[in-house]
Amino acid sequence: MRNESMRKAVTFVFMCVFGLIMIYPLIWLFSASFKSNEEIFGSLSLWPKEFLWNGYQNGWKGSGQYSFGLFFMNTFKLVLPTVFFTVVSSTLVGYGFARFQFPLKRLFFALMISTLMLPNAVVMIPRYILYKNLDWLNSYLPFIVPAALATNAFFVFMLVQFFRGLPRELDESAKMDGCNSFMILVRILLPLAKPALFSAGIFEFIWTWNDFFNSLIYITSVKKFTVSLALRMALDNSASIAWNQVLAMSVVAIVPCILVFFFSQKYFVEGIATTGIKG
Amino acid sequence: MQQALKRKRSRASYIGLVYISPWIIGFLLLQLYPFLASMYYSFTSFDLINTPKWIGLKNYVDMFTKDDMFYQTLKVTLIYALIAVPAKLAFALLVAVILNVKMRSVNFFRTVYYLPSILGGSVAVAVLWRFLFMKEGVINNVTAMLHLPAVDWLGNPKLSLFTISMLNVWQFGSSMVLFLAGLKQVPGELYEVGRVDGASKLRMFFSVTLPLITPILLFNLVMQIVNAFQEFTGAFVILPDGGPLKSTYLFGMKLYDEGFKFLKMGYASALSWVLFSIILIFTLLVFRSSSYWAHYEDGGDKH
């Protein structure tokens, strides 16, 4: 018994030390955003000598012409529809795969799973050309349309797994009461599927929020920049001058993700633990 | 009567297709078509302005015979994957094993360790990495405190790739959560048996724990390989020009440069097919070899 509590104590200490090392960079980022440029380097202290807000004030002004307020609005305009359509389309497709028999189902399912491993690199150039021909470049359609067409197999798979876990008797009894398949989905299954829908939405929110590569190739005018792009622009512009502005805006850029993460952690860990995958 | 029943059944069987129709359209238009089209483009010279011109294998021949940077980027990407993937999985597994105790605080630590994974590919984290590992950065302040010489983490071509890989390793949280879920499935009786037999902790890990979580290891390994070979954001934001002596010029960056900077869409498509082949070979090797090391409760499909 004593041995066991000893082991727990050692584990606890280890976890604390290791946890501190793990999040030290994030804490440092937060504290450095309040420091003066001179203090950012040359001081290990996590407590700024004096709290300076000008990193935030000046950083928020952005490129002069456009402020971070606009970049945030842009990011929301991109992320929210993408999340919404991802959840809707993945639900429909997941329901279709989980509850119905139809010709070629096995083949379709196998293809869907195999796209999980299809590298984005090999489809990105024709996709880019396609969007260019449709005149979708420099808009958020290259993000929203693929979401509406359930191209991310991860979410479809997640919902298939979830629907399979719900007893079919629910559907049967609803059918007896005269529900058609769509009513069964909306009235019976969706209320039960809330946790799965939440996890899908949260994952998609964070991935789209953090996306950089797609934004980089599809969005060209500063007026439509997302936070990621604006941040990189700030980094390029201030090669040696206003580091605390860049750091302050980095903090601002990750705050939404951290908030979402802390408020919804339950769904998070369950989401990855049940379906597996990614990061 | 019978006909009516049959009609009803066949209509029912098509309802499923209606539900999955968004995916079918998306698959054909945004996955299958681009997949085949990039194959076609890889045999052409295409600058987005003029129509694609068929040039046969020239892109591939040029890549292997004229483009020195191609071998460099291939080497860099392979080394990156060889550092990042094993280190990340080893870390994830180690921490998962340690966290697999019955304690209330475990959930809290799981959250803390998972946090960096959330911020994964974000530009903010890449910016942070650049600051931490600068010559005058925090990491060198720590080494100075320990009376170690300052290290040029990003400026030294021998170290820069390692520094970039560490950004990936730092995000071991999602793999860890998967391992943790797997560890919870290992029946406690097996450890009891081992304990009775007087097996050491290490021995039990290798002969009980590890074999039972190999399916999760397999899954993690494949996903991490696919991701590592395509890494872009971290390296691009930290060292936009490919680092000292192009030591961090990953394949993803080369693809971006050729395709979207120089608008050589044909050549970039050829590069993307080479990358795809490499990823495919690696994943196939992993899957093939897995019948020797991955263990399934139901016997799997070993022949």
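Residues numbered from 1 in each chain as written. Chains lettered and ligands numbered in written order. Predicted model: local features only at pLDDT ≥ 70, side-chain atom pairs only at ≥ 80, totals over all residues.

## A short note on the overall build of chain B
Phase 1: When helices and strands are counted, chain B shows 14 helices and 2 strands.
Phase 2: Taking 303 residues into account, the globule formula puts the C-alpha radius of gyration at 19 Å, and chain B, at 25 Å, lies well above it.
Phase 3: Based on the C-alpha atoms only, the size of chain B along its principal axes is roughly 85 × 75 × 35 Å.
Phase 4: Residue pairs in contact within chain B that sit at least 24 positions apart in sequence constitute 71% of those at least 6 positions apart. (Helix = DSSP H or I, 4+ residues; strand = E, 2+ residues; numbered from the N terminus. Rg over C-alpha atoms; globule rule 2.2 N^0.38 Å. Contact = placed C-beta atoms within 7 Å.)

## Considerations on the overall build of chain A
Phase 1: When its secondary structure is counted, chain A shows 15 helices and 0 strands.
Phase 2: Across its three principal directions, the C-alpha atoms of chain A cover 70 × 70 × 35 Å.
Phase 3: Relative to its full complement of 279 residues, chain A shows a buried share of 41%. (Buried ≥ 20, exposed ≤ 12 C-beta atoms within 10 Å, placed from the backbone.)

## Description of the nonpolar core
Side chains of nonpolar character tend, in soluble globular proteins, to be buried together.
Phase 1: Residues Val156, Leu159 and Leu231 of chain A together with Ala124, Val127, Met176 and Phe179 of chain B are the most contacted members of the largest nonpolar core, which totals 147 residues.
Phase 2: Once residues lying within four places of it in the same chain are set aside, the contact partners of valine 156 of chain A are Ser90, Val93, Gly94, Met112 and Ala150 of chain A together with Trp23 of chain B. (Core = buried A, V, L, I, M, F, W, Y, C linked by C-beta atoms within 7 Å.)

## What to know about the confidence of the model for chain B
Phase 1: Mean pLDDT for chain B: 88, with 94% of residues reaching 70 or above.
Phase 2: The complex model carries a pTM of 0.90, and its ipTM stands at 0.88. (pLDDT = per-residue confidence, 0-100.)

## Comments concerning the interface of chain A and chain B
Phase 1: If you look at the interface, chain A gives 70 residues, while chain B gives 76 residues.
Phase 2: Per-element tally for the side of chain A that touches chain B: the top contributor is helix α1 (residues 2–32) of chain A, with 12 residues.
Phase 3: Looking at side-chain class alone, the side of chain A that touches chain B contains 50 nonpolar, 16 polar and 4 charged residues. (Nonpolar A, V, L, I, M, F, W, Y, C, P; charged D, E, K, R; others polar.)

## A few points about helix α7 (residues 160–169) of chain B
All names here are of chain B.
Phase 1: Where burial is concerned, most of α7 is hidden: 7 out of the 10 residues are buried.
Phase 2: Three or more residues of α7 are buried, namely Ser160, Leu161, Thr163, Ile164, Ser165, Leu167 and Asn168.
Phase 3: Those residues of α7 that are buried are in contact with α3 (68–99), α5 (123–132), α11 (214–229) and α12 (233–238).

## Details of the environment of phenylalanine 35 of chain B
Phase 1: Within the secondary structure, phenylalanine 35 of chain B is located in helix α1 (residues 2–41).
Phase 2: Remark: the alpha-carbon pair of phenylalanine 35 of chain B and glycine 188 of chain B, spanning 153 residues in sequence, is separated by 47 Å.
Phase 3: Discounting chain neighbours no more than four positions away, the residues touching phenylalanine 35 of chain B are Val122 and Val123 of chain A.

## As for helix α11 (residues 194–210) of chain A
All names here are of chain A.
Phase 1: In this model α11 runs 24 Å from its N-terminal to its C-terminal C-alpha over 17 residues, within 8% of the 24 Å that 1.5 Å per residue would give.
Phase 2: Of all 17 residues in α11, 12 are buried, a share of seventy percent or more.
Phase 3: All of the buried residues along α11 are Ala196, Ser199, Ala200, Ile202, Phe203, Glu204, Phe205, Ile206, Trp207, Thr208, Trp209 and Asn210. (Expected span 1.5 Å × (residues − 1).)

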